[in-house]
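So the chains spell out like this:
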Amino acid sequence: MKKGKFVGLCIFIFVLTFILGIISKFAIQPSWKKEYSVKWSDEIGTRISDVSYDSGEANKFDLYLPKDNTKENYGLVVYLHAGGFTSGDKKDDEDMLAWLTSKGYVAAGINYTLRTEDNDKSILSQSNEIKSAIPVVIEEAKKHGYNIDKLTMAGGSAGHCLAMIYAYRDAKDSPVPVVFTFGAVGPSSFFREDWDNYGLDKDADEAIEAAAGLFSVMGGVEITTDMIKNGSYQELMKPVSAYAWIDENSVPTVVAYGKYDRVQPYKGSLRLKKALEDNNIDFKYFELPHSGHGLQNDDKVVKQWMEAIDEYLAKYMPVEK
C-alpha cells in the first residue's frame, strides 16, 4: 500500500471510530443520568447564543447565565464538545450546560474550527482558538452583570483533550484562576507505542509512516519518519500533549477512561495518571474495566465519576451563598 493511502486510511479510521464512540455514548442513557442532566428552560436562567470571539465562522460560543444574578462573583465552567476534532457542536452539550447553570454556575459551550479535507486545522490550532475565546467569554459574562472569579475547564473526548490542554498548558495565561478540570476519554499524549489500537506501535515502515502522518495532522506540524524513529517527534507534540504540562501547580482533576477504548489509547491515559500522581495533584482517575470510548458498559463507575465531579465542583468552585 502506498504511503499516502496508508496514512489516509489511518486518519479515516481514527475519525470514524471517534464518531462511533460518541454515538455509543449518547445512545445509552443510564437511569441516574437525570440527576446530572437538565433540560434547558427560562426557569434556569438566560442563554445568549452565538457570541463571536474571533473572526472565523466557527468562532462562537453560547453563554448560560443562572437565574440568580445577585451574587458578587460567579464560577465559570467551560464544557467543550466532542467529535473527533472533525465534527460536533456546542449545542450537543446543552443538557450538561443547563445542569451546571442550574447549580448556580455561569457555563459556556465554545465552538472551534473543525478539521476538514479542505483545511489544515489541528489540535494545536483548535487549542489556540479556545485560549483566545476564554477572555471574551469572561468579558461577555461581566457585561451582563456576572463577574467571573474562577474557572473550570471540561469536555468529552476531543473536547476533553482541548480542556486539559488549557487547564495544564494555558492556565498561567487565564484571566481568572483555573481551579479544576474534568472530563472523559480525551487523548492526553501521543507516543506511538501507546497507539497500538491503530497498529502504530509496529516497527514496519507502513506503521512508522502512518504514525508520522497521523501525528502531523494532530499536532499541526510536520513530523517525519526519522523523527518517529529517533523519538524527537515528542518535542513537537508537546504543545498538544496535556500530560506533558502537568507540574506541582496543576489543577485538581477528575477523569474517566475505558480500558477497551479503540479510539484514543487506554495506555495514554496511564501516562496522564502517572503525571498526576508524580506531581501530587488532587485527582480521581476512574477506569471502566468493561467499556470502550463510549463508557457504555460500567454504569456504576460512570455514576461514581459524576459524583466525584459534583464533589470537586463543590470543593474547588463553591457557589456563593
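Residues numbered from 1 in each chain as written. Predicted model: local features only at pLDDT ≥ 70, side-chain atom pairs only at ≥ 80, totals over all residues. Heavy atoms only, no water.

1. Side note on the overall build of the protein
In step 1: Scanning the protein from terminus to terminus reveals 9 helices and 8 strands.
In step 2: Its C-alpha atoms give the protein a radius of gyration of 19 Å, near enough to 20 Å, the size a compact globule of 321 residues would have.
In step 3: If one aligns the C-alpha atoms of the protein with their principal axes, the spans along those axes are about 60 × 45 × 40 Å.
In step 4: Residue burial in the protein is summarised as follows: out of 321 residues, 55% are buried.
In step 5: Restricting the contact set of the protein to residue pairs at least 6 apart, pairs at least 24 apart contribute 73%.
In step 6: Roughly 13,800 Å² of accessible area belongs to the protein as shown, and the carbon and sulfur atoms make up 50% of that amount. (Helix = DSSP H or I, 4+ residues; strand = E, 2+ residues; numbered from the N terminus. Rg over C-alpha atoms; globule rule 2.2 N^0.38 Å. Buried < 20%, exposed > 50% of the residue type's maximum accessible area, 1.4 Å probe, protein only. Contact = heavy atoms within 4.5 Å. Areas by Shrake-Rupley, 256 points an atom, 1.4 Å probe, with all protein chains shown as cover.)

2. Focus: the packing of helix H3 (residues 123-143) against helix H4 (residues 158-170)
In step 1: Two elements in contact, H3 and H4, have axes separated by 10 Å at closest approach and are oriented at 65°. As H3 runs across H4, the sense of the crossing is right-handed. For the pair H3 and H4, the contacting residues are Ile123, Leu124, Gln126, Ser127, Asn128, Lys131 and Ile134 in the first and Cys161, Leu162, Ile165, Tyr166, Arg169 and Asp170 in the second.
In step 2: Residues of the contact of H3 with H4, tallied by class, amount to 7 nonpolar, 3 polar and 3 charged. (Axes fitted to C-alpha atoms, helices over the stretch in contact; angles between N-to-C directions. Left-handed = near helix turned anticlockwise from the far one by under 90°. Nonpolar A, V, L, I, M, F, W, Y, C, P; charged D, E, K, R; others polar.)

3. Overview of the confidence of the model for the protein
In step 1: Taken as a whole, the protein shows an average pLDDT of 92; of its residues, 90% reach a score of 70 or greater.
In step 2: Note on residues 21-28: pLDDT under 50 across the span, and 10 contacts to partners over four residues away in sequence or across chains. (pLDDT = per-residue confidence, 0-100.)

4. With respect to the environment of Trp99
In step 1: Inspection of the secondary structure puts Trp99 in helix H2 (residues 94-102).
In step 2: Judged by its relative accessible area of 4%, Trp99 falls in the buried class.
In step 3: Filtering out sequence-adjacent residues up to four positions away, Trp99 remains in contact with Glu35, Tyr36, Ser37, Val38, Met306, Asp310 and Leu313.

5. Things to note about the sheet that holds strand S1 (residues 45-52)
In step 1: Pairing in this open sheet of 8 strands is mixed, and the strands run S1-S2-S4-S3-S5-S6-S7-S8 from one edge to the other. The open sheet is flanked by S1 and strand S8 (283-288), the only strands paired with a single partner. Sheet twist, expressed as the average angle between the axes of neighbouring strands with direction ignored, equals 15°.
In step 2: Two elements, strand S7 (residues 253-258) and S8, share 6 bridges in a ladder whose sense is parallel. When the bridges of S8 are listed, Val255 appears paired with Tyr285.
In step 3: Each of strand S3 (74-80), strand S5 (148-156), strand S6 (178-184), S7 and S8 touches helix H9 (residues 299-316); the most contacted strand, S8, lies at about 170° to it. (Pairing = 2+ DSSP bridges.)

6. Some details on H4
In step 1: In this model H4 runs 17 Å from its N-terminal to its C-terminal C-alpha over 13 residues, within 8% of the 18 Å that 1.5 Å per residue would give.
In step 2: Within H4, 13 of the 13 residues are buried, leaving the element largely enclosed by the surrounding structure. (Expected span 1.5 Å × (residues − 1).)

7. Focus on the environment of Asp310
In step 1: Along the chain, Asp310 falls in helix H9.
In step 2: Ignoring sequence-local partners within four residues, the contact set of Asp310 consists of Tyr36, Trp99 and Lys103.

8. Considering the pattern of salt bridges
In step 1: On inspection of all chains with the given rule, the structure shows 21 salt bridges.
In step 2: Between Asp62 and Lys90 there is a salt bridge, with the nearest N and O atoms lying 2.9 Å from each other. Of this pair, Asp62 sits in strand S2 (residues 60-66) while Lys90 sits in the loop between S3 and H2; the two residues are 28 residues apart in sequence, bridging distant segments of the chain.
In step 3: Asp194 is the partner of Arg271 in a salt bridge, and the nearest nitrogen-oxygen pair spans 2.5 Å. One end of the pair, Arg271, is in helix H8 (residues 266-278); the other, Asp194, is in the loop between S6 and helix H5 (205-219), and 77 residues separate them in sequence.
In step 4: You can call Arg271 partly exposed: its relative accessible area is 26%.
In step 5: Residues participating in the shared-partner salt-bridge network are Lys131, Arg169, Asp170, Lys172 and Asp173. (Salt bridge = Lys/Arg side-chain N within 4 Å of Asp/Glu carboxyl O.)

9. A short note on unusual backbone geometry
In step 1: Within the chain, Phe85 stands out as a residue other than glycine whose phi angle is a positive 70°.
In step 2: Tracing the backbone through its elements, the reader meets Phe85 in the loop between S3 and H2.
In step 3: For Phe85, a relative accessible area of 5% translates into the label buried.
In step 4: With phi around 50°, Leu295 is a residue other than glycine that occupies positive phi space.
In step 5: For Leu295, the location among the structural elements is in the loop between S8 and H9.

10. What to know about the side chain of Asp95
In step 1: On the secondary structure map, Asp95 appears in helix H2.
In step 2: Residue Asp95 is classed as buried on the basis of its relative accessible area, which comes to 19%.
In step 3: Only 3.4 Å separates the side chain of Asp95 from the side chain of Ser37, close enough to count as a polar contact.
In step 4: Not counting the four nearest positions on each side in its chain, Asp95 is found in contact with Ser37, Val38 and Lys39. (Polar contact = N/O pair within 3.5 Å; in protein donor to acceptor, adjacent residues only side chain to side chain.)

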